[in-house]
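The chain contents come next:
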Amino acid sequence: MTARPLTVMLVAAEASGDDRGAGLMRALKAKLGEGVRFVGVGGQRMRGEGLTSPFDIAELSIFGLLEGLMAYGKVVRRADEAAAVAAREPPDVAVLIDSWGFTLRVAHRLRRQSPALPLVKYVGPQVWASRPGRARTAARWYDLLLTIHAFDGAAFEREGLKTVFVGDSTLAIDFSAADPAGLRAEIGAAPDEPILLVLPGSRPSEIERVMPAFEDAVHRLKAGRPDLHVVVAAAPTVAGLVKSRVAGWPHRAQVVEGDAAKRSAMKAATVALACSGTVTTELALAGCPMVVAYRLAPVTYAVLKRLIRTKYVTLFNIAAQDFVAPEMIQADCNGPALAREVALRLDDAGLRARQVERQNAALLKMGRGGPDPNEAAASAVLDLIARQRLSTAT
């Protein structure tokens, strides 16, 4: 009699979670082959690994208090749909990735449906930065937390939640297949001509709030630098929005999509202008100096400013405890200021080299070169299932 394949439920609601989910799926398939199947919610990358998602996760890429309130009904409906997947195809374990608010709602529903189902939280809330009470909430609902930073676990363990440090899967990205020369040829850039890579975010709200300042900065830079080539990397969750905006620019810019093209652009770029997020770690891995920016709704910013306990938002800046890359947040996220910071780096090769050197040092502190995080996450999930089955058997 053939054993039933292990059924793993994964739920991701944003581009970074989709990346982590896809990596975990690959690692589980490498370990179990045909002995594992997947159900749940995910994006393009998880679908590429064999997951059938009941809806497009782009609509759940929400950040901000007002945005969250406006989307509340939709979030509740989608959480119901995610739980319905588990009701139709009962999993052996559920891994809920990042996206604290949405995945917690899914956890509530799964716990009510199947009290014995092991629930794994992959990437916990940054309680060291704000809202420490979330550690107690996580301990109440989850059986295991997989952390991506070595300093994440202590607050959760104090509340009784078992944690396993697996590392950041972003640090394991392989740039060996990147083709910067091919990217330059594609956009008509000579080897000595500068390239500005623009990464405006993966949420619709980021395109709305950050992109206007990025556009203003790009127009200013192009006005004084006719030889500057501009490449815009569009995340799959917002590709349509990005392409429609870039199409209206008064100068030529190349929009690239997909991981391969994005990584080639990162290796080819002279400087990057990036929306704060996982992509800043990718840029650092590619050896690209950058300027980081972000803008929130005014009400959200006012509230978070009182809650946040760290002065850095970029992960490698947090690791270094210094502004290795400049962070242009809220009022500082404006066209003239962004153009000034980017211009400093375009015009000074020494500044670029020093920033890359400091980025590399910070990446080492974050765990660059360590064990494969996807492999570690897969092992932790399988260990939890084994312990659960042993406990049930005895």
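Refer to the structure above for everything that follows.
What you are looking at is a predicted structure, and each value in this text was computed from that prediction instead of being measured.

*Asks:* Help me understand unusual backbone geometry, please; the structure alone is not making it clear to me.
*Replies:* Apart from glycine, the bulk of residues carry a negative phi angle, and the bulk of peptide bonds sit in the trans form. Backbone geometry at Asp98 places phi at a positive 50°, although glycine is not the residue there. One can find Asp98 in the loop between strand S3 (93-97) and helix H5 (100-113). The phi angle at Gln321 is positive, at roughly 55°, despite the residue not being glycine.

*Asks:* Could you clarify how one ought to interpret the sheet that holds strand S5 (residues 144-147) in this entry?
*Replies:* Within a sheet, adjacent strands bond to each other through the backbone by hydrogen bonds, running parallel or antiparallel. The 6 strands lie next to each other as S2-S1-S3-S4-S5-S6, forming an open sheet whose pairing is parallel. Whereas interior strands pair on both sides, the edge strands pair on one side only; in this sheet they are strand S2 (36-41) and strand S6 (163-165). On average, adjacent strands in this sheet sit at an angle of 20° to one another, irrespective of strand direction. Bridge count for strand S1 (residues 6-12) against S3 is 5 bridges, and the pairing is parallel. The residue of S3 that forms the bridge with Val8 is Val93. Sheet contacts for helix H1 (residues 15-32): S1, S2, S3 and strand S4 (119-122); angle to S1, the most-contacted strand, approximately 165°.

*Asks:* Looking at this structure, I do not really get the environment of Leu144. What am I missing?
*Replies:* The topology assignment puts Leu144 in strand S5. For the pair Leu144 and Phe156, spaced 12 residues apart in sequence, the C-alpha to C-alpha distance is 9.9 Å. Every residue in contact with Leu144, bar those within four places of it in the chain, is listed here: Leu119, Val120, Lys121, Leu161, Lys162, Val164, Ala380 and Leu384.

*Asks:* Sorry, what's going on with the pattern of salt bridges here?
*Replies:* Opposite charge on two side chains lets them pair, provided their charged atoms get close. In total, this model carries 24 salt bridges according to the counting rule given. Its salt-bridge partner being Arg20, residue Asp168 comes within 2.9 Å of it at the nearest N-O pair. Note that Asp168 is positioned in the loop between S6 and helix H8 (180-187) and Arg20 in helix H1, a separation of 148 residues in sequence. Exposure remark for Asp168: the relative accessible area of 2% places this residue in the buried category. A salt bridge links Arg358 to Asp322, with the shortest nitrogen-to-oxygen separation between them at 2.4 Å. Of the two residues, Arg358 sits in helix H16 (residues 349-366) while Asp322 sits in the loop between helix H14 (315-320) and strand S12 (327-329), which places them 36 residues apart along the sequence. Under the relative-accessibility criterion, Asp322 is labelled partly exposed at 34%. Taken together, the salt bridges that share partners define one network made up of Asp19, Arg45, Asp259, Lys262, Arg263 and Glu282.

What counts as what
Residues numbered from 1 in each chain as written. Predicted model: local features only at pLDDT ≥ 70, side-chain atom pairs only at ≥ 80, totals over all residues. Heavy atoms only, no water. Helix = DSSP H or I, 4+ residues; strand = E, 2+ residues; numbered from the N terminus. Pairing = 2+ DSSP bridges. Axes fitted to C-alpha atoms, helices over the stretch in contact; angles between N-to-C directions. Contact = heavy atoms within 4.5 Å. Salt bridge = Lys/Arg side-chain N within 4 Å of Asp/Glu carboxyl O. Buried < 20%, exposed > 50% of the residue type's maximum accessible area, 1.4 Å probe, protein only.

Don't take any of this as a statement about function, it's just geometry.
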